[in-house]
Amino acid sequence: MDENQTIDQDRIMKINIEEEMKSSYIDYSMSVIVARALPDVRDGFKPVHRRILFGMRGIGNFSNQPYKKCARVVGEVLGKYHPHGDSSVYGALVRMGQDWNMRYKLVDGQGNFGSVDGDSAAAMRYTECRLSKMGEHIMDDIEKDTVDMVNNFDDTLREPAVMPTKIPNLLVNGGNGIAVGMATNIPTHNLGEVIDGCCAYIDNPEITTDGLMEFIPAPDFPTGAYIYGLQGVKDAYETGRGRVVMRAKAEIESDENHDKIVVTEIPYGVNKQQLIEYIADLVKEGKLEGISNVNDETGRQGMRIVVDVKRDANANVILNKLFKMTALQSSFSVNCIALVGGRPRLLSLRECIKYFVEHRHDVTIRRTRFDLKKAQERAHILEALIKACDNIDEVVHLIRASKTPSEAQKNLEKRFGFDELQSKAIVDMRLSQLTGLRLDQLHQEFDELMQTIKDLQEILDNPERCREVMKAELQEVKEKYGDERRTEIIPDEHEFNAEDFYPNDPVVITISHLGYIKRTPLADFKEQARGGVGSKGARTREKDFTEYIYPATMHQTMLFFTRKGRCYWMKCYDIPEGDKNAKGRAIQNMLSLEAGDAVNAFLRIRGLDDDAFLDSHFVVFATKQGIVKKTSLRAYSRPRTNGVIAININEGDEVVDVRLTNGKNELIMADRNGRACRFDESNIRTMGRVSTGVRGMRLDEDGQDEVVGMIVVNDPVNETVMVVSEEGYGKRSQVEDYRLTNRGGKGVKTLNITEKTGKLVAIKNVTDANDLMIINKSGIVIRMSVAECRVMGRATQGVRLINLAKKNDVIASVCKVMSSEMETQVEEESREQWSKTSEEIKSDTVAPGETEDTTPAGFE
């Protein structure tokens, strides 16, 4: 008895209850985090979803096969892979088949799978399912050793640790889950947009969130509706956390008796039946007046919630109240937490795409190695078969002389140097393979295999080839399953002031020859060395090219001047944004232009309410026929929708340049034949808005000469005159090289025009702190530093600035911008200016000699 008590006491371990609880709870919490509640960043699945799809594949439950009972699938998953309750498996299975929860269904369900009204699915013994086409694509190439396989819960079977998916499922279908101490909530996205973002990342791994948002502008929910305001979306994409505001799609219909508010799409995650009941309760409690009835008229044609408005009530007011008081406007709180390497991490949009692309790279490499190994093994056998067929008589003799198959194999190995696999293949070869046709097939198969081996080896050896394969596979998925965006994006006009919503950043305004306009961040254009061939600029229509390109800032007011002499107004942030490769939007759709007219100049003004600035500045016009006109800026301070007459144009003439001056500047006009005329602005009297002007420069009478541009000289000491010819030649000269004359003269030579240089196309006043952006008719853009061009005499032909790669190509436009080193400083100054109150901005004054109030240094 005493011995037994001693043995029992030896088995008792004394532990600290606090430490035991701590360690046990940590083990439990990590199990929930890693093996239950959070998705993997690579395939976007929790273990239960992965096991369901793998189990359905195991029983042949494919999209082209008959449906199977859901209970059959649940039993398969429970018995083999998922040691948890059947309700958790069936719940996950049902959700993958609900088109109001999943942007792209992975399970094709038959029977009652629930509804958007919150109805639960029928019991699993009544419902049936099979994999959807996209669900099958999640597991493409899983048999080719593309992912690691791990033991199941009882070590009797193997299951995938991750799916080799071609679909960026984490972003496409989103997900939610509550772990211990953390939760995840990821919105759904459009497949085509996400794949475009992935391809952009493959091309440029340094791409920013703003760059990705050009491809993935916002989530795309299966229930449609609207995303209201983009600031929360941007926060979520940059940090992993954000608040996406959603609004129902509602329209007001009027009939003879009263108005109706008709809701056809509701925010993601909203229970339709509960929404209708809540609206009815608000009406009953008197919290919402003006509503007589609420009906659910949803049918085969789609969702339709009808709110009847009383005759004496304003439908717009009631709709706004519904947005404010009900789930017709709700928010999606993004909390993008997923497992990265088995550890939970808060992920930005770029990180989600990065880890998916890295996973696709691993899958592609592993699949290629598998295919290469198989191809090499088959080629090894084919080599022996072909050699045996070439020596068939001797082979037959050796086999017939052997007593056993193993002896025949050894004889073949000894005679021809075959290995064991090759000799066995020859011994097992059928006589039918000795026919001429089969021999040709062997040779053909061997040649194709060698080409396959070469291609596969190139994928492994060449990273660029591997990236091409990855992009091609992603694009194939996009072509098969990509669809249009369902959720529309609208700016929140009530939440954001327009100028508060847009930082006062420097941008480049581009106008094409056929009248397409866009704005692009200045940082998108990278500096290149002088003489380079440039990078591709805008995608334009056939026979179109980017003709005019000007810098500005987001908050400036644009005064557009047309060739026929009219003036229009627009805020810079109202101009549609596009990257430097985008075509832009037709300016005819934005301004009320006359037929045959086109914009070819504009001024950037901060505000039109500063009387001192308006009275001290002038607008100077230059026309193709050498006419100049000066008018007070105040004459253009009252915007009109249809524009106003800015200058009276003679027949056959048109405006070529418009400049803002302070009344004390000097002007230099240049013509195509390479001459320039410098004269004082005071030589031009101030005229009215509808006057014609006076002669500024006398042109050659050859019928081809015309004015190409005009510059305003602000600082004759530090500024130089840059001229560019149509064949890509240019040079800088001192301002003082051009003698000061009266207006109306022929001027002096500014560039030695030859057949090699071509005619003059542009004149700019520049300093070493400037860059030039040169663009030709084929759309090629090059950015170069002005400092690379030395100052030389005005009568020389200059140096080559840009190589014209295409035959018959010529320079179309030249723009002066700030240097790359100044961009950061200017952006900071712009943002400081953006943060000023309107009163502070209004009180700013213009320094003497300045010609524009908010144009950053280096902008023309």
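Residues numbered from 1 in each chain as written. Predicted model: local features only at pLDDT ≥ 70, side-chain atom pairs only at ≥ 80, totals over all residues. Heavy atoms only, no water.

S.K.: Please give an account of the nonpolar core that cites residues and values.
M.R.: Among the nonpolar cores identified, the biggest contains 80 residues, and I52, L53, L93, L191 and I353 are the most heavily contacted of them. Looking at which domains feed residues into this core, each of domain 1 (32–162) and domain 3 (356–479) gives three or more. Dropping the residues within four chain positions of it, L93 is found in contact with I52, M56, C70, V74, V107, F113 and C129. Core analysis: the next-biggest nonpolar cluster, separate from the first, contains 24 residues, A248, L288, V309 and I318 among them. (Core = buried A, V, L, I, M, F, W, Y, C linked by side-chain atoms within 4.5 Å. Buried < 20%, exposed > 50% of the residue type's maximum accessible area, 1.4 Å probe, protein only. Domains from an automatic or database assignment. Contact = heavy atoms within 4.5 Å.)

S.K.: Describe the environment of C466, naming the residues involved and giving the relevant values.
M.R.: The topology assignment puts C466 in helix α18 (residues 463–481). Residue C466 is classed as buried on the basis of its relative accessible area of 1%. Each C-alpha atom of the pair C466 and I365 lies 7.9 Å from the other, and the pair is 101 residues apart in sequence. Every residue in contact with C466, bar those within four places of it in the chain, is listed here: H361, T364, I365 and I459. (Helix = DSSP H or I, 4+ residues; strand = E, 2+ residues; numbered from the N terminus.)

S.K.: Could you give me a rundown of the sheet that holds strand β23 (residues 566–571), with the residues and numbers involved?
M.R.: Hydrogen bonding along the main chain pairs the strands of a sheet, whether they run parallel or antiparallel. Spatially, the 4 strands line up as an open sheet ordered β25-β22-β23-β28, and their pairing is antiparallel. Since the sheet does not close on itself, it has two edges, and those belong to β25 (599–605) and β28 (644–645), each with one partner. One ladder, built from 5 bridges, connects strand β22 (residues 557–562) with β23; its direction is antiparallel. Bridge pairing in β23 links F560 to Y568. (Pairing = 2+ DSSP bridges.)

S.K.: Would you mind going over the pattern of salt bridges in detail, with residue names and values included?
M.R.: Any two side chains of opposite charge can pair if their charged atoms end up close together. Scanning the entire structure with this criterion turns up 44 salt bridges. Residues K272 and D117 are paired through a salt bridge, measuring 2.8 Å at the closest nitrogen-oxygen approach. In this pair, K272 sits in helix α11 (residues 272–284) while D117 sits in the loop between β2 (107–110) and β3 (128–131), placing the two residues 155 residues apart along the sequence. The residue D296 makes a salt bridge to K272 at a minimum N-O spacing of 2.6 Å. (Salt bridge = Lys/Arg side-chain N within 4 Å of Asp/Glu carboxyl O.)

S.K.: Tell me about the UniProt feature "active site" (unreviewed entry) in the protein chain, and please be specific about residues and values.
M.R.: With numbering aligned to this structure, UniProt lists the feature "active site" (unreviewed entry) at Y126. Inspection of the secondary structure assignment puts Y126 in the loop between β2 and β3. (UniProt positions renumbered as here; feature names shortened; annotations may be inferred.)

S.K.: Can you tell me about the environment of K624, naming the residues and giving the values?
M.R.: If you trace the backbone, K624 turns up in the loop between β26 (618–623) and β27 (627–632). On a C-alpha basis, the gap between K624 and V707 in space is 4.7 Å, while along the polypeptide they are 83 residues apart. Those residues in contact with K624, other than ones at most four positions away along the chain, are D653, E654, V656, L699, E706 and V707.

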